[in-house]
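Read off the chains here:
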Amino acid sequence: MNINVTNITTPSAKPAKDAALGFGKIFTDHMFQMEYSKEQGWHDARIIPFGKIEIHPASTVLHYGSEIFEGLKAYRKADGSVQLFRPLENIRRMNRSAERMCLPTIPEEDALEILTKFIEHEKDWVPSEPGTSLYIRPFMFGNDESLGVHAVHNATFMIITSPVGSYYPEGINPVKIMIESEDVRAVRGGTGEAKCGGNYAASNRAGERAAQQGYSQVLWLDGVERKYIEEVGAMNVMFKIAGEIVTPKLVGSILPGITRKSCLELLRDEGYTVNERLLSVDELIAALENGTLEEAWGCGTAAVVSPIGELAYNGKKYTINNGQIGTVTQHLYDTLTGIQWGVLEDSYGWTYPIK
Ligand code: PLP
Ligand code: COI
């Protein structure tokens, strides 16, 4: 694949070693961009200086929300080398999201080549402090310059990258989550299992309400009966109830998380009883009330594994594991981050080295 490279003339200073990176606030010096048209397919692949883009005021994305994105990270190992975590899983999910949103797909091998070459180019931006990484945000949007509503004929694909620390200011300390009983995020047959911008826009109102009451995110219930637990705003969710690890099964309205998949594979291999099943909010509240809910945690690329120390539902607050991180949560965090930063051996072949 031919990728044109235009380098920035004056490179910016990298963040200082002790800088608080936060999440998604600082961007690297370059970005990747290419265009799609029905006639030409994907074309004009280029790495260019990071900057604003021009967009036609009638562009599809601005009116009808044709947008999808992905999120993965590049990690710096102790020997200075850089690796990705299960990048093909992100590429495959992006293509599934594209199909759902009538956006063009990108052949897997091309997408992997683009991703690898771009990260090679921005490699010096991968931070090395403990817990830091380079967050990679590939995204695609419909870019037809007309107001008709139809499948997309023109699209733009881009990648931007951002050196990041923890997603939550709490880091690995337990977060407080509010179970949302009014707004819904997704329904089966809708776009919940696609990683598209609209899902997040629809989530913001509940997220804001929760934040005003001191909660980090909301835990969504299913959109039809408002009965079954689905996922957290930017993470999948898992519970340990009376020894059983339970996570909501993928019914079409939940994002099939790569961290979720990795946690399930690790736990099953280690002999835990793991069930992907429907979990009603009533069952969850009963487990909180009778003391059988041992641990709860969220899992996702940005947040890795994040213990939930408190859940709120219909005005009642429930503390989990005395507000402390639980044994399984800690073990998953240690194992996943160990593999991602190259501290533990990767017997699964999940890591992908960058030259
Ligand atoms: N669910 C939602 C809504 C998300 O935004 C994310 C983050 O990407 C996840 C789950 C976790 O997915 P992954 O582990 O692939 O990052
Ligand atoms: C991720 O974990 O990569 C995400 O995309 C979550 C995000 C919405 C911040």
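Throughout this description, residue numbers start from 1 for each chain and increase along the sequence as written. Going through the entries in the order they are written, you letter the chains from A and number the ligands from 1. In keeping with the model being predicted, local features are shown solely for residues with a pLDDT of at least 70 and side-chain atom pairs are shown and tallied solely at 80 or more, while totals for entire chains, interfaces and linings include all residues. Hydrogen atoms and water are omitted, and side-chain values are computed over all heavy atoms in the structure.

## Quick notes on the overall build of the protein chain
Line of reasoning, step 1. Each helix is a run of DSSP H or I of at least 4 residues and each strand a run of E of at least 2, with the numbering of both proceeding from the N terminus. Summing up its helical and strand segments, the protein chain has 7 helices and 18 strands in all.
Line of reasoning, step 2. Radius of gyration (C-alpha) of the protein chain: 21 Å, near the 20 Å computed for a compact globule of 355 residues.
Line of reasoning, step 3. The dimensions of the protein chain, computed from C-alpha atoms along their principal axes, are 60 × 50 × 35 Å.
Line of reasoning, step 4. Buried residues are those whose accessible area, probed at 1.4 Å on protein chains only, stays under 20% of the maximum for their type, while exposed residues exceed 50% and partly exposed ones sit between those limits. Relative to its full complement of 355 residues, the protein chain shows a buried share of 52%.
Line of reasoning, step 5. The criterion used for residue contact is that any of the two residues' heavy atoms lie within 4.5 Å. Within the protein chain, counting contacts between residues at least 6 apart in sequence, those at least 24 apart form 70% of the total.
Line of reasoning, step 6. Averaging the locations of the 34 positively and 45 negatively charged side chains of the protein chain gives two centres separated by 2 Å. Here the globule rule is a power law, 2.2 Å times the number of residues to the power 0.38, and the radius of gyration is based on C-alpha atoms. The charged-residue count follows a simple rule in which Lys and Arg add positive charge and Asp and Glu add negative charge, with His and chain termini not counted at all. Throughout, a charge is located at the NZ atom of Lys, the CZ atom of Arg, the CG atom of Asp or the CD atom of Glu.

## Here's the deal with the site of ligand 1
Line of reasoning, step 1. What surrounds ligand 1 is a group of 17 residues, the closest being Lys 195, Tyr 200, Glu 231, Thr 259 and Thr 301.
Line of reasoning, step 2. Within the side chain of Glu 231, one N or O atom sits 2.5 Å away from a nitrogen atom of ligand 1.
Line of reasoning, step 3. Side-chain atoms alone can form a polar contact between residues adjacent in sequence; in general such a contact is a pair of N or O atoms within 3.5 Å, and within protein one must be able to donate a hydrogen while the other accepts it. Separating an oxygen atom of ligand 1 from a side-chain N or O atom of Thr 301 is a distance of 2.6 Å.
Line of reasoning, step 4. Its free accessible area being 380 Å², ligand 1 has 96% of it covered by the protein chains. Residue proximity to a molecule or strand is established when one non-hydrogen atom of the residue lies within 4 Å of it. Each accessible area value is a Shrake-Rupley result obtained with a 1.4 Å probe; residue values ignore everything except the protein chains displayed when judging cover.

## Description of the site of ligand 2
Line of reasoning, step 1. Around ligand 2, the neighbouring residues are Phe 23, Phe 69, Gly 71, Tyr 135, Arg 137, Tyr 167, Lys 195, Tyr 200, Ala 234, Thr 301 and Ala 302.
Line of reasoning, step 2. The contact in question runs from an oxygen atom of ligand 2 to an N or O atom on the side chain of Tyr 135, over 2.7 Å.
Line of reasoning, step 3. Take Ala 302: an N or O atom from its main chain is 2.8 Å from an oxygen atom of ligand 2.
Line of reasoning, step 4. Contact with the protein chains hides 89% of the accessible area of ligand 2, taken as 280 Å² for the molecule alone.
Line of reasoning, step 5. Polarity classes work like this: nonpolar for Ala, Val, Leu, Ile, Met, Phe, Trp, Tyr, Cys and Pro, charged for Asp, Glu, Lys and Arg, and polar for all others, with Gly in that last group. Of the residues in the shell around ligand 2, the class split is 7 nonpolar, 2 polar and 2 charged.
Line of reasoning, step 6. Note that the domain bounds reflect an automated or database-derived domain assignment. Both domains that meet at the shell around ligand 2, namely domain 1 (4–164) and domain 2 (175–340), each give it at least three residues.

## Overview of the pairing of strand E14 (residues 274–277)
Line of reasoning, step 1. The sheet contact formed by strand E13 (residues 244–248) and E14 spans 4 bridges and is parallel. Bridging across to E14, Thr 247 finds its partner in Glu 276.
Line of reasoning, step 2. Look down the strands so they point away from you; if the path from the first strand over the helix to the second goes clockwise, the crossover is right-handed. Once you follow E13 into helix H5 (residues 258–269) and on to E14, the crossover reads as right-handed. Here, strands pair whenever DSSP counts at least two bridges between them.

## Quick look at the nonpolar core
Line of reasoning, step 1. Only buried residues count toward a nonpolar core, which is a set of Ala, Val, Leu, Ile, Met, Phe, Trp, Tyr and Cys residues joined through side-chain atoms within 4.5 Å. Membership of the largest hydrophobic core comes to 35 residues, with the highest contact counts inside it found for Phe 32, Ile 119 and Phe 157.
Line of reasoning, step 2. For this core, the secondary-structure elements that each account for two or more residues are strand E2 (30–37), strand E3 (41–49), strand E5 (72–76), strand E6 (82–85), helix H2 (87–100), helix H3 (108–121), strand E7 (133–142) and strand E8 (154–164).
Line of reasoning, step 3. Here this core takes 6 residues from H3, the largest share from any one element.
Line of reasoning, step 4. If near-sequence neighbours (up to four positions away) are discounted, Ile 119 is found in contact with Ala 74, Leu 84, Leu 134, Ile 136, Thr 161 and Ile 354.
Line of reasoning, step 5. Formed by 27 residues, the second largest nonpolar core is a distinct cluster that contains Met 235, Val 237, Ile 308 and Tyr 318.

## Observations concerning the packing of aromatic side chains
Here a ring pair, both rings aromatic, is described through the centre-centre distance and the interplanar angle of the planes.
Line of reasoning, step 1. When two rings of Phe, Tyr or Trp (its six-membered ring) have centres within 6.5 Å they constitute a pair, described as stacked for plane angles under 30 degrees, edge-to-face for angles over 60, and tilted for the intermediate range. Counted under the stated rule, the structure contains 10 aromatic pairs.
Line of reasoning, step 2. Centre to centre, the rings of Tyr 348 and Trp 350 are 4.2 Å apart; their planes meet at 15°, and the pair counts as stacked.
Line of reasoning, step 3. Note on Trp 350: relative accessible area 5%, which makes it buried.
Line of reasoning, step 4. Put simply, the rings of Phe 32, Tyr 36, Trp 42 and Phe 157 touch in pairs and so form one group of aromatic residues.
Line of reasoning, step 5. By the criterion adopted, a ring carries a charge over it if an Arg CZ or a Lys NZ lies within 6 Å of its centre and within 35 degrees of its normal. Against the face of Tyr 215 rests Lys 176, its NZ or CZ located 5.4 Å from the ring centre.
Line of reasoning, step 6. Positioned over the ring face of Tyr 200 is Arg 185, at 5.8 Å from the centre of the ring.

## Overview of the environment of Asp 18
Line of reasoning, step 1. With respect to the element layout, Asp 18 can be found in the loop between strand E1 (4–5) and E2.
Line of reasoning, step 2. Taking C-alpha positions, Asp 18 is 8.0 Å from Glu 129, a pair spaced 111 residues apart along the chain.

## Considerations on the domain arrangement of the protein chain
Line of reasoning, step 1. Structurally, the protein chain comprises domain 1 (4–164) and domain 2 (175–340).
Line of reasoning, step 2. Across the boundary between the two partners, domain 1 contributes 20 residues, which contact 21 residues of domain 2.
Line of reasoning, step 3. Between domain 1 and domain 2, roughly 1800 Å² of surface is buried when both sides are summed, and carbon and sulfur atoms account for 56% of that area.
Line of reasoning, step 4. The largest contributions to the domain 1 side of the interface with domain 2 come from Phe 69, Phe 85 and Arg 93, which together make up 33% of the buried area.
Line of reasoning, step 5. Whenever a carboxyl oxygen of Asp or Glu lies within 4 Å of a side-chain nitrogen of Lys or Arg, that contact is scored as a salt bridge. At the boundary of domain 1 with domain 2, the tally comes to 2 salt bridges.
Line of reasoning, step 6. Measuring nitrogen to oxygen at the nearest pair gives 3.3 Å for the salt bridge that ties Arg 86 to Glu 265.
Line of reasoning, step 7. Inspection of the region where domain 1 meets domain 2 yields 14 residue pairs in polar contact (both at pLDDT 80 or more).
Line of reasoning, step 8. The residue inventory of the side of domain 1 that touches domain 2, partitioned by class, reads 8 nonpolar, 4 polar and 8 charged. Summed over both partners, the accessible surface that disappears when two parts come together, traced with a 1.4 Å probe, is what is meant by buried area.

## Considering the pattern of salt bridges
Line of reasoning, step 1. The full count for this structure, using the stated rule, is 19 salt bridges.
Line of reasoning, step 2. Across the salt bridge formed by Glu 70 and Arg 93, the nearest N and O atoms sit 2.8 Å from each other. Residue Glu 70 is located in the loop between strand E4 (67–69) and E5, and its partner Arg 93 is located in helix H2; the two are separated by 23 residues in the primary sequence.
Line of reasoning, step 3. Bridged by salt links that share partners, the residues Glu 180, Glu 182, Asp 183, Arg 205 and Arg 209 form one connected network.

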